[in-house]
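What follows is each chain in one-letter form.
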Amino acid sequence: MTSTSTGPEAVLEVRDLEVTFGSGHAAAKVLKGVSTSIQRGKTLGIVGESGSGKSTLAKAIVGLNPLSAGSISINGQDMAGMSRTQRRAIYREVQMIPQDPYSSLNPRRTIGQTLAEAINPVRSNPKLHREKISRWLSTIRLDPEVADRYPHEFSGGQRQRIAIARALAVEPKLIIADEITSALDLSVQAEILNLISRLRAELDLTMAFISHDLDVVHHVSDEIMVLFHGEVVERGDVDSVYGNPKHPYTRKLIDSVPGGPGFDIGERRSAVA
Ligand SMILES: Nc1ncnc2c1ncn2[C@@H]1O[C@H](COP(=O)(O)OP(=O)(O)O)[C@@H](O)[C@H]1O
Ligand SMILES: [Mg+2]
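Numbering of residues starts from 1 in every chain and runs along the sequence as written. Both sets of labels track the order of writing: A upward for chains, 1 upward for ligands. Totals for whole chains, interfaces and linings use all residues, but because this is a predicted model, local features are given only for residues with pLDDT of at least 70 and pairs of side-chain atoms are given and counted only at 80 or more.

## Section: unusual backbone geometry
Within the chain, Glu-171 stands out as a residue other than glycine whose phi angle is a positive 55 degrees. The numbering of helices and of strands both runs from the N terminus, where a helix is a DSSP run of H or I of at least 4 residues and a strand a run of E of at least 2. If you trace the backbone, Glu-171 turns up in the loop between helix H5 (156-169) and strand S7 (174-178). With phi around 55 degrees, Asp-204 is a residue other than glycine that occupies positive phi space. Note on placement: Asp-204 falls in the loop between helix H6 (186-203) and strand S8 (207-211). Buried, partly exposed and exposed are defined by the number of other C-beta atoms within 10 Å of a residue's own C-beta, namely 20 or more, between the two limits, and 12 or fewer respectively, with C-beta atoms placed from the backbone. Note on Asp-204: 10 C-beta atoms within 10 Å, which makes it exposed.

Shown next as structure tokens:
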């Protein structure tokens, strides 16, 4: 299997994607022919330094960035050819977990209301979905009783877990996690990475896990793709990219991690182990 080959099981397929912002002299080509795919049940780690185009790719996949060239298919359906109704349906199939747990939850809604809306946006009364809400809260290790509370009553790490539960509650085909640990303290990062690891095993998630931090990405990915100035410079299974990087830029990313592979700042490692 080559890096761009896709079988019938490809949930996401990106082909020769270009995204350009601005026009004329001000035009900036941010993604320059990106091709990639994610198979069902797999997590693709996407890593690259700040400004390499990771969020631009994430937003293109969820339909928030216009494509200048190339295509994106979800479950074999090309998004460009879709009607409005189809597109609306497919957007529920792809859920983004945002970076900032402080701004991503509606402060005026209880956790139960937020989850109920994810479960069914049309009939979003939490009373209708009590069992499911309890189940999702247990899945992220929060007491089902917290359904009646508001976001401000929770810590950053707890809010990020709630944001994860909200994405899961939609039961999407694909989850995109863009820098979901970047705003958190090291020990809380570990807690979130542990949760993601457990959920991958329990729920058979299909996910793009994006971070500038290769050490974070390698804990939760099956494969890793390295973006450099809007181009894919390396892709392979997690052990070969992290353990035996081919591209000098990937090596640089590893070297920038204190201690290199097996980075060993006690707090994160012991909590992740
Ligand atoms: N809407 C936009 N308009 C113009 N430039 C943008 C826009 N979004 C992103 N960019 C530029 O694209 C480049 C990549 O940004 P981004 O995808 O956010 O990188 P990353 O997420 O890897 O840090 C940056 O130079 C950024 O300034
Ligand atoms: Mg980003």
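The rest of the description comes next.
## Concerning the site of ligand 1
Note on definitions: a residue is near a molecule or strand provided its C-beta atom, placed from the backbone, lies within 6 Å of it. In the vicinity of ligand 1, the residues found are Phe-21, Ala-28, Val-30, Gly-48, Ser-50, Gly-51, Ser-52, Gly-53, Lys-54, Ser-55 and Thr-56. Residue assignment for the shell around ligand 1 shows that the elements contributing at least two residues are strand S2 (28-39) and helix H1 (54-61). Take the shell around ligand 1: its biggest share by element is 3 residues, from H1. Charged residues are taken to be Asp, Glu, Lys and Arg, nonpolar residues to be Ala, Val, Leu, Ile, Met, Phe, Trp, Tyr, Cys and Pro, and polar residues to be all remaining types, Gly included. Tallied by class, residues from the shell around ligand 1 come to 3 nonpolar, 7 polar and 1 charged.

## A closer look at the sheet that holds strand S5 (residues 77-78)
Here, any two strands with at least 2 DSSP bridges between them count as paired. The strand order S2-S1-S4-S5 describes an open sheet built from 4 strands, whose pairing is antiparallel. In this open sheet, the two edge strands, each paired with only one partner strand, are S2 and S5. Alignment of strand S1 (residues 10-21) against strand S4 (residues 69-74), held across 5 bridges, turns out to be antiparallel. Across the sheet, the residue bridging to Leu-12 is Ile-74, located in S4.

## Focus: the nonpolar core
Note on definitions: a nonpolar core is a set of buried residues drawn from Ala, Val, Leu, Ile, Met, Phe, Trp, Tyr and Cys, linked by C-beta atoms within 7 Å. In terms of nonpolar packing, the biggest core is built from 67 residues, with Ile-176 and Ala-208 touching the most fellow members. In terms of residue count, H5 provides more of this core than any other element does, 7 residues in total. In this description, any two residues whose backbone-derived C-beta atoms lie within 7 Å of each other are considered to be in contact. Look past the residues within four positions of Ala-208 in its chain and what remains in contact with it is Ile-38, Leu-44, Ile-46, Ala-58 and Ile-176.

## Considerations on the sheet that holds strand S3 (residues 43-47)
Read from one edge of the open sheet, 6 strands run S6-S7-S8-S3-S9-S10, paired in mixed fashion. Of all strands in the sheet, those with a lone pairing partner are strand S6 (94-97) and strand S10 (231-237), marking the two edges. Pairwise comparison of adjacent strand axes, ignoring direction, gives a mean angle of 15 degrees for this sheet. Where S3 and strand S9 (residues 223-228) come together, 4 bridges link them in parallel fashion. Considered in S9, the bridge of Gly-45 is made with Ile-224. H1 rests against S3, S6, S7, S8 and S9 of the sheet, and its axis sits at about 150 degrees to S7. Only the stretch in contact is used when fitting a helix axis, every axis being a line fitted to C-alpha atoms; angles between N-to-C directions are given from 0 to 180 degrees. In the packing of helix H9 (residues 248-255) onto the sheet, the strands contacted are S3, S9 and S10, and the crossing angle to S9 comes to about 105 degrees.

## Overview of the confidence of the model for the chain
pLDDT gives the predictor's per-residue confidence on a scale running from 0 to 100. Residues with a pLDDT of 70 or more make up 91% of the chain, whose mean pLDDT is 90. Throughout residues 262-273 the model reports pLDDT below 50, and contacts reaching past four residues in sequence, or to other chains, amount to 21 contacts.

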